[in-house]
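Survey of secondary and tertiary structure
Each chain is listed here by its residues.
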Amino acid sequence: MFEIPKFKTTKKAVKRIAVLTSGGDAPGMNAAIRAVVRTTIAHGAESMGIQRGYSGLLEGLIHPMVPASVANIIQRGGTILRTSRCPEFHKASGRKKAIQTLISQGVEGLVVIGGDGSFRGAKLLHQESGIPVVGIPGTIDNDIPCTEDTIGFDTAVNTGIELIDRIRDTASSHDRIFLVEVMGRHSGMIALHTGMGGGAESIVVPEFKTSISSICESIDRGARRGKTSSIIVVAEGCQFRGVTPLAKELEKRGYSTKIAILGHTQRGGSPSAHDRLLASTLGAVGVHALLGGVKEGMVGVQGSRIVLTSFSKLSARPSGLPAEMLDIARNLAV
Ligand code: ADP
Ligand code: F6P
């Protein structure tokens, strides 16, 4: 259970709060939208929804939300508000249009559910408009500084493990080596967690270099003790740039492999219990922060505490993947 921060209620309470989702969709975003809308209304403020992230904000795609607008969505993947990547938002002229929408609609607080890119945009939006903006970390990658967890990561890992279990049936029936590529952009968090949870023989991540010879050694070591199949989990952002170039390298050394790219299958689907709880809590606390007079920052998780961190502290890369966990995973595959 989480330790929830308390925000003092201000005299000049925020009366209208809008919410948008931005960047890659993540399972649990709907639970977060639901929490933002209902918490806003429960505190006597008005709720607005913005369609298609920053693109929709530029285009004025904003509408009122009522409790029924978010009924029956806690179990649904994706985002009912839809999402986008918006190149125009990188330019001050694009953000000016977005600010005009917020001002003309009387929005006094904005909740941005997205990843670190979305928060870079949120920081500028706040700086250039003075409108309070709170971020809720929503990305399967779990790569945002100052929060140990992000909405969607747990579901993506569980989906990855379920798919690896299926692949293992074929790998062991046909004596095959499978290279399974998982998402994560520049982060190896999904690879580490799915690899450990799926009992992979080897895990290749962007944070640490892995030599081809060490991968071959893990396959050979298994073969020496009678293993006839192997699963190697490969993060898309690793030094080989995914499974296809790695398969070619292994082919040159005489290893025949099959590849499976899990891709966007990890982004969709019904959110896990963990992600629903996380999203509901972060969404609610994000609204508490705005109602309590917070001007900017991301609501994240550190240990069991829900904490608010200024957007300006999110520029550094997260402290990263623990090498010790990779060592543990390696030893579990002997
Ligand atoms: P995520 O939020 O999942 O990391 P992106 O990095 O694609 O996804 O960012 C989502 C959107 O946030 C971008 O399409 C853009 O509109 C906005 N954004 C990202 N970086 C910046 C930036 N440096 N300045 C302004 N807006 C940004
Ligand atoms: O950030 C989430 C993520 O799924 C990454 O893991 C992946 O690299 C990227 O988005 C894929 O983006 P797109 O859906 O635009 O192909």
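This structure is a prediction, so every number in the text was calculated from the model and none was measured.

Moving on: the overall build of the protein chain. Secondary structure summary: the protein chain contains 10 helices and 11 strands in total. Among the 334 residues that make up the protein chain, the fraction classed as buried is 54%. Counted over contacts in the protein chain with a minimum sequence separation of 6, partners at least 24 positions apart contribute 75%. Side-chain charges of the protein chain comprise 39 positive and 29 negative groups, with the mean position of each set lying 7 Å from the other.

Another point: the site of ligand 2. Surrounding ligand 2, one finds Arg85, Thr139, Ile140, Asp141, Met183, Gly184, Arg185, Glu236, His264 and Arg267. Here an oxygen atom of ligand 2 and a side-chain polar atom of Asp141 are 2.7 Å apart. A distance of 2.8 Å is found between an oxygen atom of ligand 2 and a side-chain nitrogen or oxygen belonging to His264. Burial of ligand 2 by the protein chains amounts to 74% of its free accessible area of 400 Å². Looking at side-chain class alone, the shell around ligand 2 contains two nonpolar, three polar and five charged residues. When residues are assigned to domains, the shell around ligand 2 turns out to be shared by domain 1 (16–152 + 271–314) and domain 2 (155–267), each giving three or more.

On to the nonpolar core, then. In this structure, Val111, Ile113, Ile203, Ile231 and Leu282 are the most contacted members of the largest nonpolar core, which totals 59 residues. Sorting elements by how many residues they give to this core places helix H9 (residues 273–291) first, with eight residues. Of the domains in this structure, domain 1 (16–152 + 271–314) and domain 2 (155–267) are the two that each give at least three residues to this core. Excluding anything up to four places from it in sequence, Leu282 contacts Ile136, Pro137, Ile151, Val299, Gly300, Val301 and Ile306. Counting 25 residues, the second-largest nonpolar core is a separate cluster that includes Tyr54, Ile62, Ala98 and Leu125.

A separate point is the pairing of strand S2 (residues 46–50). Counting buried positions along S2 yields four of five residues, so the element is predominantly enclosed. Sheet analysis places strand S1 (residues 16–21) next to S2, joined by four bridges and oriented parallel. Pairing of Val19 across the sheet is with Gly49, part of S2. Assessed by its sense of winding, the connection that carries the chain from S1 through helix H1 (residues 29–42) to S2 is right-handed. Of the pairings in the sheet, the one linking S2 to strand S3 (residues 62–65) comprises four bridges and is antiparallel in character. Bridge pairing in S3 places Ser47 opposite Met65.

Time to look at the site of ligand 1. By nearness alone, 16 residues border ligand 1, and Arg85, Cys86, Gly115, Gly117 and Ser118 come closest of all. In the environment of ligand 1, an oxygen atom lies 3.0 Å from a nitrogen or oxygen atom belonging to the side chain of Arg85. Note that an oxygen atom of ligand 1 is positioned 2.7 Å from one of the backbone N or O atoms of Cys86. For ligand 1, the protein covers 86% of the area, taking 550 Å² as the surface of the free molecule.

Here we come to the domain arrangement of the protein chain. Domains assigned within the protein chain are domain 1 (16–152 + 271–314) and domain 2 (155–267). Look at where the C-alpha atoms of domain 1 and domain 2 centre, and you get two points 34 Å apart. Taken together, the contacts link 13 residues of domain 1 with 11 residues of domain 2. Together domain 1 and domain 2 conceal approximately 960 Å² of surface at their shared face, both sides included; 46% is due to carbon and sulfur atoms. Contact with domain 2 buries surface across domain 1, with Asp25, Ile140 and Asp141 losing the most and accounting together for 50% of the total. The closest approach of N and O atoms between Asp25 and Arg267, which form a salt bridge, is 2.9 Å. Across the domain 1-domain 2 interface, the total number found is five residue pairs in polar contact (both at pLDDT 80 or more). Class assignment of the residues belonging to the side of domain 1 that touches domain 2 gives a composition of four nonpolar, four polar and five charged.

The next thing to look at is the pairing of strand S10 (residues 296–302). By the criterion of burial, S10 is predominantly enclosed, with five of the seven residues buried. In this structure, strand S5 (residues 133–137) lies alongside S10, joined through three bridges in parallel fashion. Bridged to Val134 within S10 is Gly297. As paired strands, S10 and strand S11 (residues 305–309) are joined by five bridges and run antiparallel to one another. Its bridge partner lying in S11, Val301 is registered against Ile306. Connecting S10 to the next strand, S11, in antiparallel fashion are two residues, including Gly303 with a positive phi near 65°.

Calculation criteria
Residues numbered from 1 in each chain as written. Chains lettered and ligands numbered in written order. Predicted model: local features only at pLDDT ≥ 70, side-chain atom pairs only at ≥ 80, totals over all residues. Heavy atoms only, no water. Helix = DSSP H or I, 4+ residues; strand = E, 2+ residues; numbered from the N terminus. Buried < 20%, exposed > 50% of the residue type's maximum accessible area, 1.4 Å probe, protein only. Contact = heavy atoms within 4.5 Å. Lys, Arg positive; Asp, Glu negative; His and termini not counted. Charge placed at Lys NZ, Arg CZ, Asp CG, Glu CD. Near = heavy atom within 4 Å. Polar contact = N/O pair within 3.5 Å; in protein donor to acceptor, adjacent residues only side chain to side chain. Areas by Shrake-Rupley, 256 points an atom, 1.4 Å probe, with all protein chains shown as cover. Nonpolar A, V, L, I, M, F, W, Y, C, P; charged D, E, K, R; others polar. Domains from an automatic or database assignment. Core = buried A, V, L, I, M, F, W, Y, C linked by side-chain atoms within 4.5 Å. Pairing = 2+ DSSP bridges. Right-handed = clockwise from strand over helix to strand, strands pointing away. Buried area = accessible area lost by both parts, 1.4 Å probe. Salt bridge = Lys/Arg side-chain N within 4 Å of Asp/Glu carboxyl O.

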